[in-house]
Number of protein chains: 2
Amino acid sequence: MLGTMLYGPGDVRSQDVPEPKILLPTDAIIRLSATCICGSDLWPFRGLNDVSAPMAMGHEYCGIVVEVGSAVTSVKPGQFVVGSFCLSDNTCPHCKFGFQSSCEQREFMTGAQAAFARVPLADGTLIATAEIPPDDLIPSLLAASDVLGTGWYAADAARVQPGSTVVVVGDGAVGLMGVLAAKQMGAGRIIAMSRHKSRQDLALEYGATDIISERGDAGVARIRELTRNIGADAVLECVGTQESMKQAINVARPGSMIGYVGVPHGVELDGQALFFSQTGMMGGPAPVRRFLPHLMDLILKREINPGKVFDLSLPLADAAEGYRAMDERRAIKTLLLT
Amino acid sequence: MLGTMLYGPGDVRSQDVPEPKILLPTDAIIRLSATCICGSDLWPFRGLNDVSAPMAMGHEYCGIVVEVGSAVTSVKPGQFVVGSFCLSDNTCPHCKFGFQSSCEQREFMTGAQAAFARVPLADGTLIATAEIPPDDLIPSLLAASDVLGTGWYAADAARVQPGSTVVVVGDGAVGLMGVLAAKQMGAGRIIAMSRHKSRQDLALEYGATDIISERGDAGVARIRELTRNIGADAVLECVGTQESMKQAINVARPGSMIGYVGVPHGVELDGQALFFSQTGMMGGPAPVRRFLPHLMDLILKREINPGKVFDLSLPLADAAEGYRAMDERRAIKTLLLT
């Protein structure tokens, strides 16, 4: 079957790979309805994460179950399922607390930029829909697997409340999903930091009330001005660089929370500066499984349309072009048609 | 009058200083019923904070109002008052959000290790009791000014809930107050890290259910064992060193919060490690003013006895010995009799 392998910085190849097989009784095999490229896939693509061996890319997925292991009881062949990029048993103490992304058995999904994929811990990870959803909802359901769930977690971790003034740092797909999440949670004002017209437009469509195109100190100054020098009640940090984290801290009011979901790369926090800023922090890989039933419900009822974040669709065989388009910011997020 | 000045590391002197005067219409002058030495006073005493000029020491206070500025309306001469070590107007947006320690007009109290003290922003800072309290409650009311309020904030920031498993890192006065606060908030299990018999005893009296005398990796291993390798629901970091912060992070379960109130000295946090630990952080100088009415009420009803944290009482003239006793850990906290 066709799969996507990363061999090194800038070197993504669509190639023939072995079809996945059930390896453990808790596995399921799914036929992907669609798959996609994640902003976090760009870290190794850009050489910012080490790639020691060829990597089977792809961790966002939804599709039809084709086979399950002998221990799987909650899903069966023929059902349409969505799962989180973090695989979890959903029974351990961390899962029970709603932090399935720190499950005692946690694994990260791989190899989903392909026609078929193996999903370990299927019972704790996958959620089936009552019926096969219409095709036009596939992009949104796929988004729920990671970017939507991650943006939602950022808003949840930042404790967005009805009426909150929210700042979203980062206009990638996750940041845009953070705007959508903040809107759903009733935020009164949503300030999106974005310099790109297409992303600004989508942020506005998802509920942003203000767009700040300035960055760095100028961006901070604009937000301080907009918030009468108080700062934001909640900040969603959706990038993961030292600069973006600094911006987040500098626009957060004392007593607020920063929900940070961009995997930090080279981020160092000075304890004393953080202490006196009096901003709270909560982050980590998103426990998408916690939010997935609610998010799937919102999508199936057509109350949200996260699938609009895909502004480029390519055949799976053209995955490399999808990576380049995102790397060069020609695309927000690339859907790969299986 | 007698006051306490720090001239440099290890050099504290009780000496004659000018009596404080009303400088602004929002000031009050109080005659201290008692005063005390704070663990944070040891940072400059130990040379870990710079002391560029002689410092008037003391930021914890309670006593009788003797004079008020022309703008002061909420307290009057003759009343007994307690105030926070952080002076606040209690009207700015940060104060309204309950973070008076980040008040737009914030000042830090100084010069309270003396017979009289000037309290700026009196209306926003001081709370008067209905009657002059009995003498035996003075130590507890004095503790409310900082250490009790700070330990309480640590528990609040760590979001201690009924039934929570709580770890308290640090067995100084603030850590012991953190134990008391966690108990009041209904924690189910309170694990205090302490190696000193007198502090262990007081921790147990205040509600600790487990005492861990091991430190570092051994301490972390013991707590992981006690919590069936899950970690704590809430961690109170009451020291402020790299080592204590590392311990806090390593015993916190994913999704928990660390309330950190020890002023960080040399603490650096690795963003990626914090991200994958999935522990939340909230800290800063305690907004004692938020908690003060409730804490004073608990003390006046004799429901809590934070004053027991004072295990050494000395005349104000012997302040230097009080510093040495705390520095050498011969005393938990020194009360100075005015």
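Just so you know, these numbers come straight off a predicted model, no measurement behind them.

A.B. asks: Where do I start with the overall build of chain A in this structure?
C.D. replies: Within chain A one finds 12 helices and 19 strands. Dimensions of chain A, computed from the C-alpha atoms along their principal axes, are close to 60 × 40 × 40 Å. By sequence separation, contacts in chain A at least 24 residues apart represent 69% of the contacts at least 6 residues apart.

A.B. asks: I'm lost on the domain arrangement of chain A in this one. Help?
C.D. replies: You'll often see interface size given as the accessible area lost when the parts meet. Residue and element names in this part refer to chain A. Considered domain by domain, chain A is made up of domain 1 (2-146 + 287-337) and domain 2 (151-283). Here domain 1 and domain 2 have C-alpha centroids that lie 26 Å from each other. Across the contact, 15 residues belong to domain 1 and 15 residues belong to domain 2. Of the residues assigned to the side of domain 1 that touches domain 2, the class counts are nine nonpolar, two polar and four charged.

A.B. asks: For this particular structure, what's the right way to read the relation of the copies chain A and chain B?
C.D. replies: Between the two copies of the chain lies a rotation about an axis combined with a shift along it. With an RMSD of 0.0 Å, the fit of chain A onto chain B corresponds to turning through 180 degrees and sliding 0.0 Å along the axis. Here the copies are linked by what is in effect a two-fold axis. Residue by residue, 100% of the interface of chain A is reproduced at the interface of chain B, so both copies engage with the same surface.

A.B. asks: Before we go on, may I ask you to explain the interface of chain A and chain B in this structure?
C.D. replies: At the interface, 28 residues of chain A touch 28 residues of chain B. Sheet topology note: the strand E16 (residues 268-270) of chain A/strand E16 (residues 268-270) of chain B ladder contains three bridges and is antiparallel. Counterpart to Asp270(A) in the pairing with E16(B) is Glu268(B).

A.B. asks: Got a minute to help me understand the sheet that holds strand E2 (residues 11-16) of chain A in this structure?
C.D. replies: What holds strands together in a sheet is hydrogen bonding between their backbones, with the strands either parallel or antiparallel. Residues and elements named next belong to chain A. Here we have three strands laid out as an open sheet, ordered E2-E1-E4, and antiparallel in their pairing. Looking along the sheet, the strands with just one partner apiece sit at the ends: E2 and strand E4 (55-56). One ladder, built from two bridges, connects strand E1 (residues 2-8) with E4; its direction is antiparallel. The partner of Leu6 across the bridge, within E4, is Met55. Most of the contacts of helix H12 (residues 319-327) go to E2, to which it runs at about 155 degrees, and overall it touches E1 and E2.

A.B. asks: Looking at this model, I keep getting lost on helix H6 (residues 173-184) of chain B. Mind explaining?
C.D. replies: An α-helix turns once per 3.6 residues; consequently, residues spaced three or four apart project the same way. Residue and element names in this part refer to chain B. Helix length check: H6 (12 residues) gives 17 Å between terminal C-alpha atoms against 16 Å at 1.5 Å per residue, within 8%. Here H6 lies mainly inside the structure; 10 of its 12 residues are buried. Where the residues of H6 are buried, they touch helix H5 (147-157), strand E11 (165-169), strand E12 (189-193), helix H7 (197-206) and strand E14 (232-237). Backbone geometry just downstream of H6 places Gly186 in the positive-phi region, at approximately 90 degrees.

A.B. asks: Which parts of the structure should I look at to understand the sheet that holds strand E4 (residues 55-56) of chain B?
C.D. replies: Across the sheet, which stays open at both edges, the three strands sit in the order E2-E1-E4 (chain B) with antiparallel pairing between neighbours. Among the strands making up the open sheet, the edge pair consists of strand E2 (11-16) and E4 of chain B.

A.B. asks: What's the story with the pairing of strand E6 (residues 80-83) of chain B in this structure? I'm lost.
C.D. replies: If a strand is regular, its side chains alternate between the two faces of the sheet. All names here are of chain B. Residues Phe80 and Val82 point to one face of E6 and Val81 and Gly83 to the other, with burial holding for every one of them. Inspection of the sheet shows strand E5 (residues 62-68) paired to E6 by three bridges, in the antiparallel sense. For Gly63, the partnering residue across the bridge sits in E6 and is Val81. Examined bridge by bridge, E6 and strand E10 (residues 126-128) share three bridges and lie antiparallel to one another. Following the sheet pairing, Val82 is matched in E10 by Ile127.

A.B. asks: I'm lost on the confidence of the model for chain A in this one. Help?
C.D. replies: Do not read the predicted coordinates in detail wherever pLDDT is low. In this model, chain A carries a mean pLDDT of 97, and residues with pLDDT of at least 70 account for 100%. Of the two predicted TM-score estimates for the complex, the pTM is 0.96 and the ipTM is 0.96.

A.B. asks: Please explain the packing of H5(B) against H6(B) as it appears in this structure.
C.D. replies: Angle between the axes and distance between the axes are the two parameters that describe a pair of packed helices. Residue and element names in this part refer to chain B. Their axes nearest at 7 Å, the elements H5 and H6 cross at an angle of 55 degrees. As summarised for this structure, H5 and H6 are arranged oblique, according to the angle between their axes. Where H5 crosses over H6, the handedness of that crossing is right-handed. Contacts from Val147, Leu148, Thr150, Gly151, Trp152, Ala154 and Ala155 in H5 reach Ala173, Val174, Met177, Gly178, Leu180, Ala181 and Ala182 in H6. Across the contact of H5 with H6, the residue classes tally to 11 nonpolar, three polar and no charged.

A.B. asks: Explain unusual backbone geometry to me, please; I cannot follow it from the model alone.
C.D. replies: Residues and elements named next belong to chain B. For Gln278, which is not glycine, the phi dihedral falls at a positive 55 degrees. Mapping Gln278 onto the fold places it in the loop between helix H10 (271-277) and strand E17 (280-283). In this model, Arg329 sits at a positive phi of 60 degrees, which is unusual for a non-glycine residue. Residue position: Arg329 is located in the loop between helix H12 (319-327) and strand E19 (334-337).

A.B. asks: What is the right way to look at helix H9 (residues 242-251) of chain B in this model?
C.D. replies: When H9(B) is considered as a whole, its buried residues turn out to be Ser244(B), Met245(B), Gln247(B), Ala248(B), Ile249(B) and Val251(B). Check the buried side of H9(B) and you find it contacts helix H10 (271-277) of chain A together with E11, helix H8 (216-226), E14, strand E15 (252-260) and H10 of chain B.

A.B. asks: What's the story with the nonpolar core in this structure? I'm lost.
C.D. replies: Here is a general trend for soluble globular proteins: nonpolar side chains tend to be buried in one another's company. Counting 224 residues, the largest nonpolar core has Val166(A), Val235(A), Val166(B) and Val235(B) as the members making the most contacts within it. If we skip the residues at most four places from it in the chain, Val166(B) touches Val160(B), Ala182(B), Ala187(B), Arg189(B), Ile190(B), Ile191(B), Ala232(B), Asp233(B), Ala234(B) and Leu236(B).

A.B. asks: Please clarify how the environment of Lys76(B) should be interpreted in this entry.
C.D. replies: All names here are of chain B. Tracing the backbone through its elements, the reader meets Lys76 in the loop between E5 and E6. Along the backbone, Lys76 and Leu204 are 128 residues apart, and their C-alpha atoms lie at a distance of 40 Å. The residues contacting Lys76, other than those within four sequence positions of it, are Val65 and Val68.

A.B. asks: I would appreciate a short explanation of the environment of His265(A) in the present structure.
C.D. replies: Residue and element names in this part refer to chain A. Its place among the elements puts His265 in the loop between strand E15 (252-260) and E16. Looking at His265, the number of C-beta atoms within 10 Å reads 15, which means it is partly exposed. Residues His265 and Thr241, spaced 24 residues apart in sequence, show a C-alpha to C-alpha distance of 5.6 Å.

Conventions used here
Residues numbered from 1 in each chain as written. Chains lettered and ligands numbered in written order. Predicted model: local features only at pLDDT ≥ 70, side-chain atom pairs only at ≥ 80, totals over all residues. Helix = DSSP H or I, 4+ residues; strand = E, 2+ residues; numbered from the N terminus. Contact = placed C-beta atoms within 7 Å. Domains from an automatic or database assignment. Nonpolar A, V, L, I, M, F, W, Y, C, P; charged D, E, K, R; others polar. Least-squares fit on C-alpha atoms with pLDDT ≥ 70 in both. Pairing = 2+ DSSP bridges. Axes fitted to C-alpha atoms, helices over the stretch in contact; angles between N-to-C directions. Expected span 1.5 Å × (residues − 1). Buried ≥ 20, exposed ≤ 12 C-beta atoms within 10 Å, placed from the backbone. pLDDT = per-residue confidence, 0-100. Parallel < 35°, antiparallel > 145°, perpendicular 65-115°, else oblique. Left-handed = near helix turned anticlockwise from the far one by under 90°. Core = buried A, V, L, I, M, F, W, Y, C linked by C-beta atoms within 7 Å.

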